[in-house]
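A closer look at the structure
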Amino acid sequence: MMSERIEALKRALEKEPDNPLGLYGLAVELFKEKRYDEAILYLHKYIDVHEDEGAAYRLLAQSYLNIGDVEKAIEYYQKGIEQAKKFNHQSMVEEFSQEIQNLKGML
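None of these values were measured; they are calculated from a predicted model. (Residues numbered from 1 in each chain as written. Predicted model: local features only at pLDDT ≥ 70, side-chain atom pairs only at ≥ 80, totals over all residues. Heavy atoms only, no water.)

What to know about the overall build of the chain
Stated formally: Helix and strand assignments come from DSSP, with helices taken as H or I runs of at least 4 residues and strands as E runs of at least 2, each series counted from the N terminus. We compute the radius of gyration from the C-alpha atoms alone; for a globule the expected value is 2.2 Å times N to the 0.38, where N is the number of residues. Two residues form a contact once any of their heavy atoms are found within 4.5 Å. Note on areas: Shrake-Rupley with a 1.4 Å probe; residue coverage comes only from the protein chains shown. Charge convention: Lys and Arg are scored as positive, Asp and Glu as negative, and His as well as the terminal groups of each chain are ignored. Here the site of a charge means atom NZ of a Lys, CZ of an Arg, CG of an Asp or CD of a Glu.
Within the chain, the secondary structure is distributed over 6 helices and 0 strands. In sequence order, the secondary structure elements of the chain are arranged as α-α-α-α-α-α. Taking 2.2 N^0.38 as the reference for a compact globule, 107 residues should give roughly 13 Å; the C-alpha atoms of the chain span a radius of gyration of 14 Å, in line with that estimate. Its C-alpha atoms give the chain principal-axis dimensions of roughly 40 × 30 × 20 Å. Taking the contacts inside the chain whose residues are at least 6 apart along the sequence as the reference set, 50% of them involve residues at least 24 apart. For the chain, the computed accessible surface area is about 6,400 Å², with 49% contributed by carbon and sulfur atoms. Side chains of the chain give 14 positive and 20 negative charges; the mean places of these two sets differ by 1 Å.

In structure tokens:
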């Protein structure tokens, strides 16, 4: 059963496919429902149309991790670090760096 929230967000995106808030909101809801492949799809659309400050890259990395793609998870944490640095989010840089260290131990 698809949640009403996901349905509503998908309907809104039909009218405005490049709406960053809609794309990100939908990705978050899909992630919560463990629909990681779909979350990844919408997160990629989101970062194509919006310069994210880092949080979307965390969600992308976690989505890839949940489908078992550790290398992609590392790649998106690294991209997240670049964005976080650009926007001076030092705590995010440290968090993502730590995650990368943890993931490298899994490879």
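Resuming the write-up.
Observations regarding the packing of aromatic side chains
The following threshold applies: Note on aromatic contacts: the rings of Phe and Tyr and the six-membered ring of Trp form a pair at centre separations within 6.5 Å, being stacked when their planes are under 30 degrees apart, edge-to-face when over 60 apart, and tilted otherwise. Only protein chains enter the accessibility calculation, which uses a 1.4 Å probe. A residue is then buried if its area is under 20% of the maximum for its type, exposed if over 50%, and partly exposed in between.
Inspection of the entire model under this criterion finds 4 aromatic pairs. Note on Tyr24 and Tyr46: the rings are 5.1 Å apart at their centroids and 40 degrees apart in plane angle, and the pair reads as tilted. Here the residue Tyr24 occupies a position in helix H2 (residues 20-32), and Tyr46 occupies one in helix H3 (residues 36-49), the gap between them amounting to 22 residues. Given the relative accessible area of 23%, Tyr24 is considered partly exposed. When the ring of Phe31 is compared with that of Tyr36, the centres are 5.3 Å apart and the planes differ by 70 degrees; the resulting orientation is edge-to-face. With respect to burial, Phe31 and Tyr36 carry one shared label: buried.

Considering the nonpolar core
The condition that has to hold: By nonpolar core we mean a set of buried residues, namely Ala, Val, Leu, Ile, Met, Phe, Trp, Tyr and Cys, connected to one another through side-chain atoms within 4.5 Å.
Counting residues in hydrophobic clusters, the biggest one holds 33 residues, and the most contacted among them are Leu26, Tyr42, Ile47, Leu60 and Tyr76. Counting residues per element, the ones that place at least two in this core are helix H1 (4-15), H2, H3, helix H4 (55-66), helix H5 (70-86) and helix H6 (90-104). With residues up to four places along the chain from it excluded, the contact list for Ile47 reads Asp52, Ala56, Tyr57, Leu60 and Tyr76.

Notes on H2
Keep this limit in mind: Here the expected span of a helix is defined as 1.5 Å times the quantity of residues minus one. We call two N or O atoms a polar contact when they sit within 3.5 Å, provided that within protein one can donate a hydrogen and the other can accept it, with sequence-adjacent residues counted only if both atoms are side-chain atoms.
Relative to the 18 Å expected for 13 residues at 1.5 Å per residue, H2 spans 18 Å between its end C-alpha atoms, a close match to the ideal helical length. Regarding H2, the residues found buried are Gly22, Leu23, Gly25, Leu26, Ala27, Glu29, Leu30 and Phe31. The elements touched by buried residues of H2 are H1, H3 and H4. Taking the backbone nitrogen of Leu21 as reference, a side-chain oxygen 3.1 Å away marks Asn19 as the first, capping residue of H2. Lys34 sits one or two residues past H2 and shows a positive phi near 60 degrees.

Digging into the pattern of salt bridges
Charged atoms that come close allow side chains of opposite charge to pair. Selection rule: In the sections that follow, a salt bridge refers to a side-chain nitrogen of Lys or Arg positioned within 4 Å of a carboxyl oxygen of Asp or Glu.
For the coordinates displayed, the defined rule picks out 10 salt bridges. Its salt-bridge partner being Arg5, residue Glu29 comes within 2.8 Å of it at the nearest N-O pair. Within this pair, whereas Glu29 is found in helix H2, its partner Arg5 is found in helix H1, the two being separated by 24 residues in sequence. The network of salt bridges with common partners includes Lys10, Glu33, Arg35 and Glu38.

Remember that the coordinates give geometry; whether it matters functionally is a separate question.
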